[in-house]
Amino acid sequence: MTIQRAVARITCRNAPGIVACVARSLAAAGFDIRDSQQFEDVESDRFFMRVDFQGEARSRDEIARTLAECVDRFDMTIDLALRDRPKRVLLLASRTDHCLIDLIHRWRDGELVMEPIAIVSNHPHPGGSGGMLHGLPFHHLPVTPATRDAQEEAILHIAEAEGADLVVLARYMQILSDRMAAALAGRCINIHHSFLPGFKGARPYHQAHARGVKMIGATAHYVTADLDEGPIIAQDVTPITHADDPAELIRKGRDIERRVLARALRLDLEGRVLVNGSRTVIFQS
Ligand SMILES: Nc1nc2c(c(=O)[nH]1)N[C@@H](CN(C=O)c1ccc(C(=O)N[C@@H](CCC(=O)O)C(=O)O)cc1)CN2
């Protein structure tokens, strides 16, 4: 008998009996709940739940039907992810590639369970000849203000053709149009090199240096049309001193960017992030 493992992310209006309904339905279908976490947001009267469960292999639709009664009763929104179907991820980067390379290393090491499908950059990358980079298909798509729409169309075409579940902006330094942000809504993660909401936009380390702050940080968030305003998934900081010039802040910042983006991506890939309006609910491991 083949065991299948799945994760259900559930959101609905808060009401008594939601957890009992889900647990009863899964148990009745012979599923074993490995982990379950839930949160009630009193402010929005919304309920959020992540259930990790396993049982005899069945089709995705069969598993979905198991929870149909709860879906109808509580008007749930459910996202069902099967463990043996990792997310297909499109990686975007610009000139600096420390975050890109870090994600690929963590994937090769098995830390990030995903299926990277291609790398896109608006800059040529050393080693990116012959259409491959780091062993993945590589697309060099330069862009100017005049060619942005066509370039974005090319990126969306790759995403759709390759069946991308997620797009990661691994220091991709182009502002996505409203149309592009809408097309990738809820499935595009960006790493911003500051502790948001401080120092939005370009050159945040220079902004931080000019302000004389004593901590710098990085923020991973889902991308929305509004620059650096999307729901935050992960953040981290590190202390700095008066002696750190912008170049030193850029150097110290790289490590934070790498670990924050990797953490945010792992949380998303494991179905541990639920969007709650302009915020997120994170069910940690
Ligand atoms: N619609 C959005 N697009 C992007 C977001 C976002 O939150 N919403 N995040 C950025 C990444 N980013 C900061 O994290 C960022 C990228 C680019 C710029 C910027 O000013 N770019 C200039 C061009 C710079 C260049 O060519 O090097 C521009 O686009 O005119 C600021 C912040 C990714 N996109």
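Just so it is clear, the structure is predicted and the values come from calculations on it, not from any experiment. (Residues numbered from 1 in each chain as written. Predicted model: local features only at pLDDT ≥ 70, side-chain atom pairs only at ≥ 80, totals over all residues. Heavy atoms only, no water.)

1. Here's the deal with unusual backbone geometry
Worth spelling out the cut-off: Only DSSP runs of H or I with at least four residues qualify as helices, and only runs of E with at least two residues qualify as strands; both kinds are numbered from the N terminus onward. Each residue's exposure class comes from its accessible area (1.4 Å probe, protein chains only) as a fraction of the maximum for that residue type: buried when under 20%, exposed when over 50%, partly exposed otherwise.
With omega at 15°, the peptide bond leading from Leu-196 into Pro-197 counts as cis. In this structure, Pro-197 sits in the loop between β10 (188-192) and α7 (204-211). Phi angles above zero are rare outside glycine, and Arg-203 is one such case at about 50°. The class for Arg-203 is exposed, based on a relative accessible area of 54%. Positive phi outside glycine occurs at Asp-228, with the angle close to 60°. If you trace the backbone, Asp-228 turns up in the loop between β11 (215-222) and β12 (232-239). Exposure remark for Asp-228: the relative accessible area of 8% places this residue in the buried category.

2. Quick notes on the sheet that holds strand β4 (residues 77-82)
Using the following cut-off: At least two bridges found by DSSP between two strands are what make those strands a pair. Under this scheme, a helix contributes an axis fitted over its contacting stretch, all axes are lines through C-alpha atoms, and angles between N-to-C directions fall in the 0 to 180 degree range. Here a residue-residue contact requires only that any non-hydrogen atoms of the pair lie within 4.5 Å.
Across the sheet, which stays open at both edges, the four strands sit in the order β2-β3-β1-β4 with antiparallel pairing between neighbours. Each of the sheet's edge strands pairs with one partner strand only, and the pair in question is β2 (32-41) and β4. Going across the sheet, the axis of each strand differs from the next one's by a mean of 15°, ignoring polarity. The pairing of β2 with strand β3 (residues 46-56) spans nine bridges and is classified as antiparallel. When the bridges of β3 are listed, Ile-33 appears paired with Phe-53. Sheet strands touched by helix α1 (residues 18-28): β1 (3-13), β2 and β3. Its angle to β3, the strand with the most contacts, is close to 15°.

3. Some thoughts on helix α8 (residues 246-269)
Here is the rule: To estimate how far a helix should reach, multiply one less than its number of residues by 1.5 Å. What is called the bend at a residue is the angle between a pair of axes, fitted to the seven residues leading up to and ending at it and to the seven starting from it.
The first and last C-alpha atoms of α8 sit 33 Å apart over 24 residues, in line with the 34 Å expected at 1.5 Å per residue. Along its length, α8 shows its largest kink, about 30°, at Gly-253. Immediately beyond the C-terminal end of α8, within one or two residues, lies Gly-271, with a positive phi of roughly 65°.

4. Quick look at the UniProt feature "active site" (unreviewed entry) in the protein chain
Rules: UniProt positions are given in the numbering used here, feature names are shortened, and annotations may be inferred rather than shown by experiment. Whenever a nitrogen or oxygen atom comes within 3.5 Å of another N or O atom, the pair is scored as a polar contact, on the condition that within protein one atom can donate a hydrogen and the other can accept it, and that pairs from neighbouring residues in sequence are kept only if both atoms are in side chains.
In this numbering, the UniProt entry assigns the feature "active site" (unreviewed entry) to Asp-228. In contact with Asp-228, other than residues within four places in its own chain, are Asn-190, His-192, Leu-196, Lys-200, Gly-201 and His-221. A polar atom in the side chain of Asp-228 sits 3.5 Å from the side chain of His-192.

5. Some words on the pairing of β10
Applied cut-off: Note on handedness: a clockwise path from strand one over the helix to strand two, with the strands aimed away from the viewer, defines a right-handed crossover.
Burial within β10 is extensive, with five of its five residues counted as buried. On the question of chirality, the crossover connecting strand β9 (residues 166-169) to the parallel β10 by way of helix α6 (residues 178-183) is right-handed. Pairing between β10 and β11: four bridges, direction antiparallel. Residue His-192 lies in a different strand from β11, and its bridge partner there is Thr-219.

6. A word on the side chain of Gln-4
Tracing the backbone through its elements, the reader meets Gln-4 in strand β1. Looking at Gln-4, the relative accessible area reads 9%, which means it is buried. Of the polar contacts made by the side chain of Gln-4, one reaches the side chain of Asp-84; its length is 3.3 Å. Setting aside chain neighbours within four positions, we find Gln-4 in contact with Phe-53, Gln-54, Gly-55, Glu-56, Ala-57, Arg-58, Ile-63, Leu-82 and Asp-84.

7. Considerations on the pairing of β11
Within β11, seven of the eight residues are buried, which leaves it mostly tucked inside the rest of the structure. Pairing between β11 and β12: seven bridges, direction antiparallel. Directly across from Ala-218, in β12, lies its bridge partner Asp-236.

8. Let's talk about the layout of surface pockets
Unoccupied space between atoms shows up once a probe the size of one water molecule is rolled over them. Selection criterion: Points on a 1 Å grid over protein atoms alone make up a cavity when a 1.4 Å probe fits among them but cannot get out, and a pocket when they form an open set with protein on both sides within 12 Å along at least five of seven lines; lining residues each have an atom within 4 Å of a point. Grid points are joined across faces, edges and corners, and a volume is the space filled by probe spheres set on the points. Polar here means any residue other than Ala, Val, Leu, Ile, Met, Phe, Trp, Tyr, Cys and Pro, which are nonpolar, and Asp, Glu, Lys and Arg, which are charged; Gly is therefore polar. Domain borders in the structure are assigned automatically or taken from a domain database.
Approximately 680 Å³ is the volume found for the largest pocket. When residues of the lining of the largest pocket are traced back to their parent elements, those giving at least two are β1, β3, β4, α8 and β13 (273-276). In terms of residue count, β4 provides more of the lining of the largest pocket than any other element does, four residues in total. Considered class by class, the residues forming the lining of the largest pocket number twelve nonpolar, two polar and 16 charged. Each of two domains, domain 1 (3-82) and domain 2 (88-282), supplies a minimum of three residues to the lining of the largest pocket.

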